[in-house]
Protein chains: 2
Amino acid sequence: MRHNKPPDDPLAALLDRVRIRLRDLTEGEPASYIPELSRADPDLFGLSLCALDGQVYSCGDSEVPFTVQSVSKPFVFALALADQGLEDVLARVGAEPSGEGFSSIRLEPGTGRPPNPMVNAGAIVTSSLVAGANPDERSARILAGLGAFAGRDLTVDDAVFASERATGDRNRALAYLMHNAGSLTGDVEEQLAVYFRQCSVLVTCDDLAVMHATLAGGGTNPLTGERVVASHHAQHVLAVMATCGMYDASGQWMLRVGLPAKSGVSGGIGVALPGQFGIGVFSPPLDEKGNSVRAIAACHLLSEQFGLHLMRATGSSGRPLPPRSLDPGPLRSLRHRPRDQRAALDERPDRIRVHVLQGDLDFATAEQTLRAARDLPKAARWFVLDLARVGRIEPVAADLLRALGHDLRERGIRMVIADPSARPVTHTKDEFADLGRAIESCEDELLTDLGLDPSEPVPLTDSDLFGRAGERAAQAVSDCFGTMSLPAGRTVEPPRAEPVVLWYVESGRLAVCAHSSRPTPAGRTWSAGPGAALTPADFHARLGQRVMAEEDSVCRTLTAAGLLRLRTAVPAAAAFLERSPLDGAETVDRPEGA
Amino acid sequence: MRHNKPPDDPLAALLDRVRIRLRDLTEGEPASYIPELSRADPDLFGLSLCALDGQVYSCGDSEVPFTVQSVSKPFVFALALADQGLEDVLARVGAEPSGEGFSSIRLEPGTGRPPNPMVNAGAIVTSSLVAGANPDERSARILAGLGAFAGRDLTVDDAVFASERATGDRNRALAYLMHNAGSLTGDVEEQLAVYFRQCSVLVTCDDLAVMHATLAGGGTNPLTGERVVASHHAQHVLAVMATCGMYDASGQWMLRVGLPAKSGVSGGIGVALPGQFGIGVFSPPLDEKGNSVRAIAACHLLSEQFGLHLMRATGSSGRPLPPRSLDPGPLRSLRHRPRDQRAALDERPDRIRVHVLQGDLDFATAEQTLRAARDLPKAARWFVLDLARVGRIEPVAADLLRALGHDLRERGIRMVIADPSARPVTHTKDEFADLGRAIESCEDELLTDLGLDPSEPVPLTDSDLFGRAGERAAQAVSDCFGTMSLPAGRTVEPPRAEPVVLWYVESGRLAVCAHSSRPTPAGRTWSAGPGAALTPADFHARLGQRVMAEEDSVCRTLTAAGLLRLRTAVPAAAAFLERSPLDGAETVDRPEGA
């Protein structure tokens, strides 16, 4: 299999729920005009979705081959556009909905043009417009072209081709009418052979998803990266699919599903979401209009559930910025911790991974998030989603994130949300107001798992603040310090009378916040737990900072006078203090905006 | 006039360039079937665009009244949906393109349903479905409903109504055919009167833009905030416009323009961009299909120039996050400056304004930016655009920003761009790698304008670092300091041997940057110019910081030993130094991400 498709993937699971819900729709019969199609298993039902980076999600019978039939029409139209250009193609075939069925025989008075490339008559003309010195070359070009859209080599079902050719009276009649009207040139039987062979190309539901993703992506195949047709030609094809793709049901289709689509008598339907996805659905039983009953129902359900209708004012077609992951590189909270705890975290950079989302969180963004979660390193135990820059959250995206949270739990990974707007997504306690706090909470859990207590008080006498100098004279050092108790929520004001040059946190937690007229969770820049120290600079208005006790805390304070006493009492300790950075978290990377 | 429409508005100017370019298209004639329309001035030409927040941009004859004619059809269809629901309406009128002209007489075999609500037959049925105990009530409901879509009270042109009624043979025939087929009930002449009156409602080009913005916005009028119809009904209407709105040219329209639209014989065309805009165009001369020649050309040009085609893979329909402006509240760079310069900046908070953009910078976002620029305070002299969170930049958006830069220059305002990705937008030197540097440069200019030199050296002896204590014993204070020269680009390493407790910048500039494996411009947190001071905390790895000289700089350094000497030499100076924050920029607000 060419793509990663874990059974537990939440998006594939979402597709599968649609499939299971519609599985029992038993109306309709497989096409009966040729034996090969009538023999199709009516229970076959597959759904596939291909994202523009080539990720394919599918369920059910998504890899069962069937003949592409009329779903080939948009792609051969695209090849004709590439070979002849829009104007020359439109000179031979119209672009108007006929208001009639797939075998509409109406030709434009005067020109004899068939109404559009999506009805059989128009499709016969467009396949005659594909480049090639003779029918065989055109057939080869078409087979290769369809393969380029699908991202793999395709083959023709010769039995179906023979049957189509033997029984294609209506198409034969259309071809002769057009030949008579002058809109179809060359040898009629040869042109028909090219068309019948095109309809007999074998594809799978996954192929349809990739082929339509190629159109949705502006003509570049998401699997191979090959540019199959120019983007303006892909745009032209989608436009014609939108107005003519579903024959005389095109208006209803745009009304209720709202997406460019094409169906075929073998039971396949392909759908393209410009700039977002390709979808393929396959199920042989057809309704009286010749469209797959289950596939039609699936498209309705997907459009509604995933919010994909092109005419939606609230724009699921909104194209968010691509999610930005702060990986690679370990990301740490700006929480001060004792050296041993910091070391424990530094040794395990992969345990906590952060994924930053930007823009509207819709189906597309959620899908990319699921992928990021799947690609987590083996060691990962926490997956932090930063929603600080996310606008609207679509219901389907929230569903997918909830499902992801569930799946991750089963993989032993905890999903944590950081969202200043506090929009409930997972409805769990794992939602924090800012990235810093979210990461901090993960670190606390990790440390606890490692038998280290992040909130355990670290008496000054146990601190590493004075190097070995401290160990030797802990009590003497401690005697130079005063003590300050801070209830939770209290803002710490540096005493004016007796200037403090060092605050040491023995217990609780202090946080340094941006001092702003509009305080935001993102204003919290870093925090200091037991064993950490602050200097006057941390209280400076310069960085617009404000120091607050987030928990009941006890600080030891060193005043200028105390520092002088320390210099005399334990010179080495004072020197070490004045020389060394207050901590050595050299690898800390500041999360932007946190 | 109900909306702000300055002649120098770059977007109105962009529309006007389209108008001027097409003004000389002189093909076509005004509709001739009734004298009132045939007398229309063929030179009339107006363009209007209405954003979803009610901002209307227009040019030319955008306020000349004309009868709405067939452009009323989508809106009366919407009212019928609101009154009867989708299924009941569809039971009486189809939703399929007819492949025929506006007066198509084709009725569905069996049901006698007209093909869709956009052709006359279908429109006569939908207006008969609007709620009302009698024709007068229906007419009143329709007139009020169209007014609700337009956001103002509308009136009927009685002369046109009389002529329509007198000459409407074809419509009369359609009505009787449908009455015979059972698809039109009630008194035929009365139903026709309702329809003819609906077509005779007077609107302007601006009205059309607002009416279609109401549909594009999901049924809520952007001017009045009134919900006119439910969002799913607005979606239904846009879908039918997309497939049937341009009659038998609907396919070509979707192919080349790619937007739901409706045209009328009086020369108006309305266009809706789901979730983005409404557009109105008006020019009486018609082509042989009965569509305004100039209006059609304008829609083609706008769709292409503004990148609005619904089938575009690169999604100008992408819906970026709404631009976030950091106003209100003064925003200052984190550059340290001497007290007098800081005070000079604090006294002029409105001179430098910042506008932060997020998401894709397309036509919509650019339009909102122009509005923010128009709403700048009188005192503003610098307009800083932060593009750090902007994804793709559409050509039309870049054009508009360039035009904005030009307009602002004429208003004496300098537009400055902050963009880490360094995408040339204005092609001027006013583009910086990060917001901090951009604001800093504006501040430097402001200070220079005020006769203050931001780069003038401030000798330690002139500094305000020691309060009045310093003034009295400047030299004695200075003698306690050492001197350090730093060439531009040099990273400042705190000397290990003789610990420095204070760095004072006499000249040049130091910058504190986030110390990261992946250094980014945004990593530059703040900078220190002449008169500013740094403490050991600023060199701490804790915040992942690194201090660099951005220019050749001279620092005065106070070591621990120097501090002891200072305590003896000038105790008051030492006390002041240890007590006071290093500067008093209490109002500094930290730009997130800067």
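On a predicted model such as this, the values are computed, not experimentally measured, just so you know. What you see as residue numbers is a count from 1 along each chain, following the sequence as written. Starting at A for chains and at 1 for ligands, labels are handed out in the order in which the entities are written. Local features are withheld for residues below a pLDDT of 70 in this predicted model, meaning they are given only at 70 or higher, and side-chain atom pairs are given and counted only at 80 or more; totals for whole chains, interfaces and linings count all residues. As a convention, hydrogens and water are excluded, and side-chain values are obtained from all of the structure's heavy atoms.

## Digging into a negative patch on the surface
Residue and element names in this part refer to chain A.
Right, so step 1: Each patch is built from residues that are more than 30% exposed by relative accessible area and take part in no salt bridge. Like charges join if they lie within 9 Å; nonpolar side chains (Val, Leu, Ile, Met, Phe, Trp, Tyr) join within 5 Å. Note on areas: Shrake-Rupley, 1.4 Å probe, and residue coverage restricted to the protein chains presented here. Think of a salt bridge as a Lys or Arg side-chain nitrogen and an Asp or Glu carboxyl oxygen that are within 4 Å of each other. Note on charges: Lys and Arg go in the positive column, Asp and Glu in the negative column, and His and the chain ends are not counted at all. All charge positions are set by atom: Lys at NZ, Arg at CZ, Asp at CG, Glu at CD. A cluster of acidic side chains, namely Asp-136, Glu-137, Asp-187 and Glu-190, defines a negative patch on the protein surface.
Right, so step 2: Each helix corresponds to a stretch of at least 4 residues labelled H or I by DSSP, and each strand to a stretch of at least 2 residues labelled E; elements are numbered beginning at the N terminus. Topologically, Asp-187 is positioned in the loop between α8 (169-181) and α9 (188-199).
Right, so step 3: Given the relative accessible area of 41%, Asp-187 is considered partly exposed. Here the term buried applies to any residue with accessible area under 20% of the maximum for its type, exposed to any over 50%, and partly exposed to those in between, with areas from a 1.4 Å probe on protein chains only.

## Some thoughts on the sheet that holds strand β6 (residues 268-273) of chain B
Residue and element names in this part refer to chain B.
Right, so step 1: Strands pair, by our definition, only if DSSP identifies at least two bridges between them. Here five strands make up an open sheet; going across it, the order is β2-β1-β7-β6-β5 and the pairing antiparallel. Unpaired on one side and paired on the other, β2 (56-60) and β5 (261-263) mark the two borders of the sheet. Within the sheet, the average angular offset between the axes of one strand and its neighbour, ignoring direction, is 10 degrees.
Right, so step 2: As paired elements, strand β1 (residues 46-51) and β2 share five bridges and run antiparallel to each other. Note that in β2 the partner of Leu-47 across the bridge is Cys-59.
Right, so step 3: Should any heavy atoms of two residues lie within 4.5 Å, those residues are considered in contact. A fitted line through C-alpha atoms represents every axis, and for helices the fit uses only the stretch in contact; the resulting angles, taken between N-to-C directions, go from 0 to 180 degrees. The strands touched by helix α1 (residues 10-22) within the sheet are β1 and β2, with β2 carrying the most contacts at an inclination of about 35 degrees.

## Examining the UniProt feature "binding site: substrate" (unreviewed entry) in chain A
Residue and element names in this part refer to chain A.
Right, so step 1: UniProt positions are given in the numbering used here, feature names are shortened, and annotations may be inferred rather than shown by experiment. UniProt marks Ser-70, Asn-120, Glu-164, Asn-171, Tyr-195, Tyr-247 and Val-265 with the feature "binding site: substrate" (unreviewed entry), using the numbering shown here.
Right, so step 2: When residues no more than four places from it in sequence are discounted, the contact partners of Ser-70 are Asn-120, Tyr-247, Lys-262, Ser-263 and Gly-264.
Right, so step 3: If you trace the backbone, Asn-120 turns up in helix α5 (residues 120-129).
Right, so step 4: Residues in contact with Asn-120, not counting those within four places in the same chain, are Ser-70, Lys-73, Phe-102, Ser-103, Asn-171, Leu-174 and Tyr-195.

## Section: the pairing of strand β19 (residues 553-559) of chain B
Residues and elements named next belong to chain B.
Right, so step 1: Across the seven residues that make up β19, a large majority, six, are buried.
Right, so step 2: With five bridges joining them, strand β13 (residues 482-486) and β19 adopt antiparallel strand pairing. Bridging across to β19, Gly-482 finds its partner in Thr-557.
Right, so step 3: Pairing of strand β14 (residues 500-507) with β19 involves six bridges; the strand directions are antiparallel.

## Things to note about the confidence of the model for chain A
Residues and elements named next belong to chain A.
Right, so step 1: On a scale of 0 to 100, pLDDT captures the predictor's confidence in every residue. When pLDDT is averaged along chain A, the result is 82, and 85% of the positions lie at 70 or above.
Right, so step 2: The low-confidence segment residues 1-7, where pLDDT is below 50, has 20 contacts with residues more than four positions distant or belonging to other chains.
Right, so step 3: Every residue in residues 580-594 is under pLDDT 50, and counting partners more than four places away or in other chains gives 52 contacts.
Right, so step 4: Predicted complex, confidence summary: ipTM 0.71, pTM 0.73.

## Regarding helix α3 (residues 73-84) of chain B
For the α-helix, the turn length of 3.6 residues means that residues three or four positions removed from each other point alike.
Residues and elements named next belong to chain B.
Right, so step 1: By this rule the span expected of a helix is its residue count minus one, scaled by 1.5 Å. Taking 1.5 Å as the rise per residue, α3 with twelve residues should run 16 Å; its terminal C-alpha atoms sit 16 Å apart, in good agreement.
Right, so step 2: In terms of burial, α3 is largely enclosed, as nine of its twelve residues are buried.
Right, so step 3: Considered for burial, the residues of α3 that qualify are Lys-73, Pro-74, Phe-75, Val-76, Phe-77, Ala-78, Leu-79, Ala-80 and Leu-81.
Right, so step 4: A positive phi of about 85 degrees marks Gly-85, the residue just after α3.

## Brief notes about the sheet that holds strand β2 (residues 56-60) of chain A
All names here are of chain A.
Right, so step 1: Strand order in the open sheet formed by five strands is β2-β1-β7-β6-β5, with antiparallel pairing between adjacent strands. Strands with a single pairing partner mark the edges of an open sheet, and in this sheet they are β2 and β5 (261-263). Along the sheet, successive strands turn relative to each other by an average axial angle of 10 degrees, direction set aside.
Right, so step 2: Strand direction decides the pairing type here: β5 and strand β6 (residues 268-273), joined by three bridges, are antiparallel. If you follow Ser-263 over to β6, its bridge partner there is Ile-269.

## Some thoughts on the pattern of salt bridges
Right, so step 1: Scanning the model with the defined rule gives 32 salt bridges over all chains in all.
Right, so step 2: Between Arg509(A) and Glu551(A) there is a salt bridge; the shortest N-O distance is 2.8 Å. You can see Arg509(A) sitting in the loop between β14 (500-507) and β15 (510-514) and its partner Glu551(A) sitting in the loop between β18 (545-549) and β19 (553-559), a full 42 residues away along the chain.
Right, so step 3: A salt bridge links Asp16(B) to Arg19(B), with the shortest nitrogen-to-oxygen separation between them at 2.7 Å. Placement of the pair is Asp16(B) and Arg19(B) together in helix α1, with a separation of three residues, close to one helical turn.
Right, so step 4: Judged by its relative accessible area of 22%, Asp16(B) is partly exposed.
Right, so step 5: Judged by its relative accessible area of 15%, Arg19(B) is buried.
Right, so step 6: Residues joined in a network through salt bridges with shared partners are Glu440(A), Arg509(A), Glu550(A) and Glu551(A).

## Details of helix α6 (residues 135-150) of chain B
Residues and elements named next belong to chain B.
Right, so step 1: Its 16 residues give α6 an end-to-end C-alpha distance of 22 Å, which sits within 8% of 22 Å, the value for a rise of 1.5 Å per residue.
Right, so step 2: All of the buried residues in α6 are Pro-135, Arg-138, Ser-139, Ile-142, Gly-145, Leu-146, Gly-147, Ala-148, Phe-149 and Ala-150.
Right, so step 3: Where α6 is buried, its residues touch α3, α5 (120-129), α9 (188-199) and α10 (205-216).
Right, so step 4: Here a polar contact means two N or O atoms within 3.5 Å. Within protein one must be a hydrogen donor candidate and the other an acceptor candidate, and residues neighboring in sequence count only if both atoms are side-chain atoms. Residue Asn-134 occupies the N-cap position of α6, its side-chain oxygen lying 3.0 Å from the main-chain nitrogen of Asp-136.
Right, so step 5: Phi for Gly-151, located one or two positions after α6, is positive at around 80 degrees.

## A few points about the pairing of strand β7 (residues 277-282) of chain A
Residue and element names in this part refer to chain A.
Right, so step 1: Of all the six residues making up β7, six are buried; the element is thus mostly covered by neighbouring parts of the structure.
Right, so step 2: The alternating pattern of β7 places Phe-277, Ile-279 and Val-281 on one face and Gly-278, Gly-280 and Phe-282 on the opposite face, and all of these are buried.
Right, so step 3: Sheet analysis places strand β1 (residues 46-51) next to β7, joined by six bridges and oriented antiparallel. Bridge assignment links Leu-47 to a residue of β7, and that residue is Val-281.

## So, unusual backbone geometry
Right, so step 1: Although it is not a glycine, Gln69(A) sits at a positive phi angle of roughly 50 degrees.
Right, so step 2: With respect to the helices and strands, Gln69(A) occurs in the loop between β3 (66-67) and α3 (73-84).

## Notes on the packing of α10(B) against helix α11 (residues 231-244) of chain B
Residue and element names in this part refer to chain B.
Right, so step 1: Where α10 contacts α11, the axes come no closer than 8 Å and their chain directions differ by 115 degrees. When the axis of α10 is compared with that of α11, the two are roughly perpendicular. Residues His-212, Leu-215 and Ala-216 of α10 pack against Ala-234, Val-237, Leu-238 and Met-241 of α11.
Right, so step 2: Looking at side-chain class alone, the contact of α10 with α11 contains six nonpolar, one polar and no charged residues. By the definition adopted for this analysis, an angle is roughly parallel if under 35 degrees, roughly antiparallel if over 145, roughly perpendicular if from 65 to 115, and oblique otherwise. Following the grouping adopted for this structure description, the nonpolar residues are Ala, Val, Leu, Ile, Met, Phe, Trp, Tyr, Cys and Pro, the charged ones are Asp, Glu, Lys and Arg, and the polar ones are all others, Gly among them.

## Re the side chain of Ser283(A)
Right, so step 1: In this fold, Ser283(A) is placed in the loop between β7 and α13 (293-306).
Right, so step 2: Residue contacts for Ser283(A): discarding those within four places in its chain leaves Pro42(A), Leu44(A), Phe45(A), Gly267(A), Ser292(A) and Arg294(A).

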